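Report on the structure
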Amino acid sequence: MARKRKKRGEIKRKLLHKYRLVILNESTFEEKISFKLSRLNVFVTGSLFIIGLIGLTTLLIAFTPLREYIPGYSSTKLKKQATELTYKTDSLVRTLYYTNRYLDNVRMVLRGDIENSEVNRDSLFERFKLDPASVNLTPIKEDSLLRAEVALEDKYNLFERNVRNTNVVFFPPLSGTISQSYDTQKKHYAVDVVAPLESPIKSVADGTVIFAEWTADTGHVIIIEHRDGLLSVYKHNASLTKGQGDIVSSGEVIASVGNTGEYTTGPHLHFELWNNGVPLNPTDYIDFK
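Residues numbered from 1 in each chain as written. Predicted model: local features only at pLDDT ≥ 70, side-chain atom pairs only at ≥ 80, totals over all residues. Heavy atoms only, no water.

Let's talk about the nonpolar core
One recurring pattern in soluble globular proteins is that nonpolar side chains are buried together. Going by this rule: Among buried residues, the Ala, Val, Leu, Ile, Met, Phe, Trp, Tyr and Cys ones that are joined through side-chain atoms within 4.5 Å form a nonpolar core. Throughout this description, buried means an accessible area under 20% of the type-specific maximum (1.4 Å probe, protein chains only), exposed means over 50%, and partly exposed covers the range between. A run of H or I in DSSP counts as a helix once it spans at least four residues, and a run of E counts as a strand once it spans at least two, with each numbered from the N terminus. What makes two residues a contact is simply this: any of their non-hydrogen atoms within 4.5 Å.
Residues Ile223, Tyr234, Ile254 and Phe271 are the most contacted members of the largest nonpolar core, which totals 37 residues. Contributing elements (two or more residues each) for this core: helix H3 (76-111), strand S4 (191-194), strand S6 (207-215), strand S7 (219-225), strand S8 (230-240), strand S10 (253-257) and strand S11 (268-275). Apart from residues no more than four positions distant in its own chain, isoleucine 223 is found in contact with Val106, Leu110, Thr208, Val209, Ile210, Phe211, Leu231, Ser232 and Val233.

Considerations on the packing of aromatic side chains
The condition is simple: Aromatic pairs are defined between Phe, Tyr and Trp rings, using the six-membered ring for Trp, whenever the two ring centres lie within 6.5 Å; interplanar angles under 30 degrees are classed as stacked, those over 60 as edge-to-face, and all others as tilted.
Evaluation of the coordinates by the stated rule reveals six aromatic pairs. Ring geometry for tyrosine 182 and tyrosine 189: centres 6.4 Å apart, planes at 55 degrees, overall tilted. Note on tyrosine 182: relative accessible area 18%, which makes it buried. Here the aromatic cluster, defined as three or more aromatic residues joined through ring pairs, consists of Tyr182, Tyr189 and Trp274.

Things to note about the environment of phenylalanine 211
Relative to the helices and strands, phenylalanine 211 resides in strand S6. With 33 residues separating them in the primary sequence, phenylalanine 211 and glutamine 244 have C-alpha atoms 5.3 Å apart.

Some remarks on unusual backbone geometry
Phi is positive for histidine 236, which is not a glycine, with a value near 65 degrees. Relative to the helices and strands, histidine 236 is located in strand S8. The phi dihedral of asparagine 276 is positive, around 55 degrees, even though this residue is not glycine. Tracing the backbone shows asparagine 276 in the loop between S11 and strand S12 (278-280).

So, the confidence of the model for the protein chain
Note the threshold: pLDDT: the predictor's confidence for each residue, scored from 0 to 100.
When pLDDT is averaged along the protein chain, the result is 81; 81% of the residues meet or exceed 70. Every residue in residues 155-164 is under pLDDT 50, and counting partners more than four places away or in other chains gives three contacts.

With respect to the pairing of strand S2 (residues 31-38)
Operational definition: Only strands that DSSP links by at least two bridges are regarded as paired with each other.
Both strand S1 (residues 18-24) and S2 contribute to a ladder of seven bridges, which runs antiparallel. Across the sheet, residue leucine 24 finds its bridge partner in S2, namely glutamate 31. In sequence, S1 turns back onto S2 through a hairpin of six residues, with phenylalanine 29 there showing a positive phi of about 55 degrees.

Laid out in structure tokens, this is it:
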């Protein structure tokens with residue numbers, strides 16, 4: 001027991017024993033700096049220095065770009081690119097969804113499955129209608145003045161105003177005789193224009209070709225998308241001069257009159273005009289003579 005106590009006292013004496021660290025001038029042996037040290041002080045100071053160095057290194061790695069140079073850490077540039085790619089992927093998924101819906105509508109146009117009575121724009125806004133009982137319908141002064149102004153304009157208007165669904169001026173795609181007119185009762189949402197074989201067919205307006213393929217029922221078909229949600233459809237062509245994705249101008253030749261497809265009855269052009277999924281009577285907008 002006494003030996004253990006003596007050993008502990010010896011260890012304590014060694015730890016607390018004072019030493020002096022002296023820095024001398026080598027030439028004159030002049031004392032410049034001196035420190036009183038002990039083994040315990042050196043151990044504590046060294047431990048604190050090592051802990052501080054480890055903490056500083058951790059902070060530099062965690063909060064500065066230096067971590068990019070350490071294997072296993074991803075760079076800020078890569079994270080930024082990954083975030084941008086995530087946003088782009090989400091946008092592409094939405095674009096793909098809208099494109100698929102658009103192509104489904106185009107297929108319905110090609111098959112003629114859309115009836116004029118099936119498309120009712122007012123039904124799209126049915127859930128947004130307000131209860132008339134909750135709306136104050138009492139005329140205000142500005143409303144009365146506007147009504148009087150409109151009535152005055154209509155009273156002295158000498159010309160009948162013909163309001164159309166579109167402001168596009170159409171170029172006749174073909175000159176010829178109409179063999180079958182537009183008839184919604186028979187689900188014939190087009191006009192059939194008879195013309196000599198291989199006669200040039202022109203685009204009715206500026207636009208982009210969104211479909212140019214062969215179909216068993218209607219032969220060579222080309223569909224052009226115009227502004228304001230308009231589509232023009234040309235069927236039973238002998239050949240096509242434009243492909244999908246081509247930009248065409250009004251009056252530019254896009255096909256030639258043919259007699260292709262199972263449902264053809266002779267050389268003619270089957271021409272359809274659609275506005276946002278609603279079939280239009282082409283003769284209301286185009287003179288085929």
